[in-house]
Each structure stands twice: as structure tokens, then as C-alpha cells.
Amino acid sequence: MNLSIIGAGHVGLVAGACFAEIGHDVVCIDNDPKKIAELEAGRTPFFEPYLPEMLAANVERGRLRFSLDLADAVEHSEVIFLCVGTPPLPDGEADLSAVERVTRQIAMLSDGYRLIVEKSTVPVLTGERIYNTMRIYRASHGRGEFDVASNPEFLAEGTAVRDFLFPDRIVLGVETDRASQLLQGLYQPIMERSFDWRPNCGAPDEDQRPEMVVTNRNTSEMIKHASNSFLSLKISYANMVARLCDAVGANIDHVTRGMGLDQRIGPQFLRAGIGFGGFCFPKDLQAFVSMAERNGVQFDILREVEKLNLSQLDYFVHKLKRELWVLKGKKIAAWGLAFKANTDDVRFSPAIYVIEKLLAEGVEITAFDPQAIDEARHTGLDIEYAASAEEAAAGADALVLLTEWPDFRNADFARIQQSMVRPLILDGRNLLDPNKLRSMGFEYISMGRP
Ligand code: UGA
């Protein structure tokens with residue numbers, strides 16, 4: 001099929017590369033000439049495992065191209081995915097101006113049937129708005145029928161390519177059979193696993209096929225928001241239990257393992273730490289709560305999650321203070337800047353928030369992150385950057401681990417133990433092995449592990 005993807009951001013590029021990989025002809029559109037020039041030159045604007053190779057291979061095969069020309073894309077594609085940004089507004093609502101603008105343009109540019117698919121994360125009822133906008137502008141400027149569908153993405157940064165090609169589920173929110181059939185056809189290779197891409201990426205077993213949920217548009221939008229909010233809730237629950245573990249001397253790792261083995265609970269998203277961040281959970285949570293309140297539903301349990309997630313940062317700083325007594329003037333090594341491992345994304349990163357809190361206390365910080373230093377520099381934080389984890393730790397009064405990069409486990413701890421002024425580690429992600437570090441002479445503290 002011929003597809004256009006509007007918005008060459010994280011979701012758009014992953015979707016574009018993967019749809020091309022499974023056999024479709026794709027054009028990725030963006031209105032940023034710099035971004036399109038970068039992509040045409042073979043450069044991916046952010047770090048995402050497997051994506052650069054997949055983009056390059058499909059450009060080479062002639063199945064994928066990048067363009068600034070929305071009119072051309074709309075003319076040649078029956079299915080158009082909206083993957084434009086929906087950043088948060090100051091009041092917590094999602095800014096849908098890009099979605100609205102692109103919808104208007106599509107309505108005026110196309111004649112003949114088009115299926116518009118919203119993939120950007122949007123509040124419930126946005127599909128209806130898109131439909132009405134299409135109807136109004138089509139009537140005055142264009143011709144032909146159209147459908148508007150919702151097909152939310154469930155991609156996590158760092159595993160986005162795998163998540164796209166080997167999903168647990170594909171959700172289609174459709175209002176007509178035509179839209180349903182088009183989308184089911186589009187995803188058939190993923191449902192049947194009839195594509196060749198099989199690197200060692202932790203793909204599920206061949207017999208673990210995805211489920212497809214075909215429902216109406218509003219329900220589909222709700223599934224996306226309810227899923228992200230539930231995962232945020234699950235993490236916050238684990239964080240609160242970890243605080244209680246600290247208080248009574250229990251071990252959160254064992255508690256969450258014991259809980260997670262119950263299939264009704266499941267083991268994932270119970271990792272305690274310094275809280276969740278990134279461009280999805282915090283903003284989706286806010287938008288979901290605002291939408292609920294606008295519709296007369298007080299979603300207090302989620303308001304509480306927002307509060308707990310913020311207070312988890314204070315809890316962490318408090319733990320450090322308890323050890324160091326006075327923070328002012330201390331030298332702290334920060335391991336990690338990205339909001340989680342395997343990404344260079346620092347937007348709404350708990351690591352950055354902790355650093356800001358420590359800076360406000362008068363601490364000097366030297367940070368290291370395997371991927372996110374360039375992105376962090378743009379935040380203008382008044383900190384030093386080191387070339388390695390070991391270099392960051394040298395001369396520090398304490399080391400705080402803020403992002404769960406597996407590489408940190410392999411640091412040269414013998415050297416670090418010698419080079420720190422005080423070999424104290426506060427592990428905000430429960431990544432390191434307490435016994436190993438204590439036997440090497442470190443003071444080691446983590447989140448809910450005695
Ligand atoms: C999240 C969802 O996982 C995706 O399914 C969804 O498609 C995406 O948002 C989106 O809406 O676009 P992402 O933000 O990339 O993906 O990252 P996650 O892996 O979900 O992690 C979010 C935050 O929670 C990170 O800060 C992470 O460190 C934290 N986290 C995660 C924990 O603190 N504990 C956990 O057990 C899991």
C-alpha cells in the first residue's frame with residue numbers, strides 16, 4: 001500500500017521505517033527542512049536502536065522516502081498517518097494545533113478516498129474533532145469520501161522498532177468496514193509475522209502472535225491513555241512499597257518478584273526508583289486527568305500518582321542528605337541523564353530533575369551518560385560533563401545513579417572506589433549489586449533494598 005506518515009518524529013520515523021520494512025511504500029513528511037535534509041543525508045535525528053539501519057535499508061530498496069511536500073504525499077497515499085507532536089500546554093491539556101492544521105491541509109489537498117489515521121497520542125474525542133474538521137474543509141475545498149481512524153502506538157523509546165514489529169496488541173478504532181479492512185490489510189504482515197527482520201532484539205517466540213482489538217474510535221483513544229496511566233500507577237505503587245521497605249527493612253526486589261509471579265499482577269513496570277519521566281507518561285497522565293475532569297470524573301487516584309511521582313525525587317534527595325549531612329559545596333557524580341536507558345531523550349527526565357534539585361542545594365555535579373550528554377547540554381544545566389563513568393566519579397563525595405544503563409554495571413569499581421573522596425553510592429534505579437559493592441568497600445544505598 002502507499003502510505004504517508006505526517007511528522008518525522010520518534011513515532012513517525014519508527015512507523016515509517018517499519019511499514020516500509022514489512023512491504024509498504026512510505027513517504028515521511030515533515031515541515032522542518034533541516035530534519036528532512038538530515039534524514040535524506042542518512043542521519044537519524046535521535047538515538048533509537050535498529051532505526052538508522054532500517055531507514056537506510058528501506059530508502060535503498062526504494063520503499064521509503066522523506067519529503068517536505070505534503071500535497072504530493074496526500075495525492076499519492078490512500079492511508080495517511082498523523083504522527084505530529086502533541087506537547088503539553090501549561091494547563092496540562094495536549095496542544096492539538098498541529099493535528100488540527102495538518103487535518104485542514106489534508107482536507108483541502110486531497111480528492112478521492114483517504115483514510116486518516118491518528119497515531120499521535122491524543123485525548124479521547126480527538127478523532128471526532130478530526131472527522132468534523134475533515135468534513136467541513138472537504139465540503140468547501142475538496143472532493144471524495146474519507147474515514148478517520150485511531151490506531152494508537154505502544155512504542156517505548158529504546159525498544160520502539162521491536163515494539164512496532166512484535167507488539168502485544170494492535171488497536172484499531174474504526175467507524176466503517178472500509179477503514180477496518182484497509183488497516184487490517186496494512187498490519188497483516190505483523191499479525192502473521194510474514195516479514196524477514198529477525199535480529200537478536202528480544203523478539204517473542206514465533207507462536208506468540210499479537211492480538212488485534214478492533215473497536216470504535218473513542219474506545220481506541222481511551223485504551224491508549226488508560227494503558228499509559230495504568231503503567232504510571234503501577235510504577236508509583238512500587239515506589240511507595242519501596243519506601244515502606246526502607247522503613248521496615250524489607251527488600252523491594254523480592255517483594256516485586258513475589259508479586260509479579262502472580263499472573264494477575266505481572267512482573268513488568270514494578271521497578272522502583274526515582275520515578276517515571278519522559279515525553280509520554282507525565283504528559284499523558286496530565287492530559288488524561290484533565291480530560292476526565294472536563295467530563296465530570298474526578299480521577300483522584302491519578303492526581304495522587306502525579307504527586308507521588310514528584311515526591312519520589314524529594315525522597316531520593318532526602319536520602320542523600322541523610323548520608324552527607326550537608327549538601328552545600330559537595331562534589332557529586334551523576335550517572336545518567338536520559339529519562340531511562342537506551343535513549344538519548346532527556347525530556348521530563350527524573351535524572352535532570354534530581355540534578356536540578358541538587359544544584360539548588362549548592363552541590364557541584366559532574367555527569368556522565370552513554371548517549372544523552374549532547375541532549376543534556378541543550379538544557380543549559382550548570383554542570384560538568386565527563387567522558388566516562390569512572391571520570392565522573394573521580395574526586396566525588398558521593399555518586400548518584402539516575403538512569404538504569406546496564407553498562408554502569410561494568411564500570412571499573414575498584415578504580416572508582418580508590419578515586420572517590422568518599423566511596424558512597426546512592427543507586428536511584430536499584431541497578432547495582434549491593435553485596436559486590438559493599439564487599440569492595442563502598443557505602444551503598446538504594447531504593448527499598450536493605
Ligand atoms: C511509554 C510506554 O511504555 C509505551 O508503551 C508508550 O507507547 C509510550 O510511553 C508513549 O506513550 O509513546 P516510554 O515513555 O518510551 O514508553 O518509556 P517507558 O519504558 O514506559 O518508561 C517510562 C518511564 O518509567 C521511564 O522514566 C522509566 O525509567 C520509568 N519506569 C519504567 C520505572 O521507573 N519503573 C519501571 O518499572 C518501568
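Here's a quick rundown of the structure.

So, how was this worked out
Residues numbered from 1 in each chain as written. Predicted model: local features only at pLDDT ≥ 70, side-chain atom pairs only at ≥ 80, totals over all residues. Heavy atoms only, no water. Helix = DSSP H or I, 4+ residues; strand = E, 2+ residues; numbered from the N terminus. Expected span 1.5 Å × (residues − 1). Buried < 20%, exposed > 50% of the residue type's maximum accessible area, 1.4 Å probe, protein only. Arc of directions from axis to C-beta. Contact = heavy atoms within 4.5 Å. Salt bridge = Lys/Arg side-chain N within 4 Å of Asp/Glu carboxyl O. 1 Å grid on protein atoms, 1.4 Å probe; cavity = no way out; pocket = protein on both sides within 12 Å on 5 of 7 lines; lining within 4 Å. Points joined across faces, edges and corners; volume = space filled by probe spheres on them. Nonpolar A, V, L, I, M, F, W, Y, C, P; charged D, E, K, R; others polar.

Concerning helix 5 (residues 97–109)
With 13 residues, helix 5 should cover 18 Å at 1.5 Å per step; its first-to-last C-alpha distance of 18 Å lies within 8% of that length. Those residues of helix 5 that fall on the buried side of the exposure criterion are Ala 98, Val 99, Val 102, Thr 103, Ile 106 and Ala 107. Buried positions in helix 5, seen along its axis, are confined to an arc of 165 degrees and lie on one side of it. Summarising the contacts, the buried residues of helix 5 are in contact with strand 1 (2–6), helix 4 (70–76), strand 4 (79–82), strand 5 (114–118) and helix 6 (126–141).

Concerning the pattern of salt bridges
One pass over the structure, following the stated rule, counts 26 salt bridges. Glu 21 serves as the salt-bridge partner of Arg 61, at 3.6 Å between the closest nitrogen and oxygen. You can see Arg 61 sitting in helix 3 (residues 51–61) and its partner Glu 21 sitting in helix 1 (residues 10–21), a full 40 residues away along the chain. We classify Arg 61 as partly exposed; its relative accessible area is 45%. With a shortest N-O distance of 3.5 Å, Asp 163 and Arg 162 are connected by a salt bridge.

What to know about the layout of surface pockets
Using a probe with the size of a water molecule, rolled over the atoms, empty space left in the structure can be pinpointed. In this structure, the largest pocket spans a volume of roughly 1700 Å³. As for the largest pocket, its lining consists of 50 residues, and the residues nearest its centre are Ala 156, Asp 163, Leu 231, Gln 268 and Phe 269. Every element with two or more residues in the lining of the largest pocket is listed here: helix 7 (160–165) and helix 9 (217–248). Looking at the lining of the largest pocket element by element, the count peaks at eight residues for helix 9. Its residues placed into classes, the lining of the largest pocket shows 21 nonpolar, 14 polar and 15 charged. Around the second largest pocket sit 39 residues that line it, and Gly 9, His 10, Lys 35, Gly 85 and Arg 347 are the ones nearest its centre. Every element with two or more residues in the lining of the second largest pocket is listed here: helix 1, helix 5 and helix 11 (281–294). Looking at the lining of the second largest pocket residue by residue, the classes come out as 18 nonpolar, 10 polar and 11 charged.

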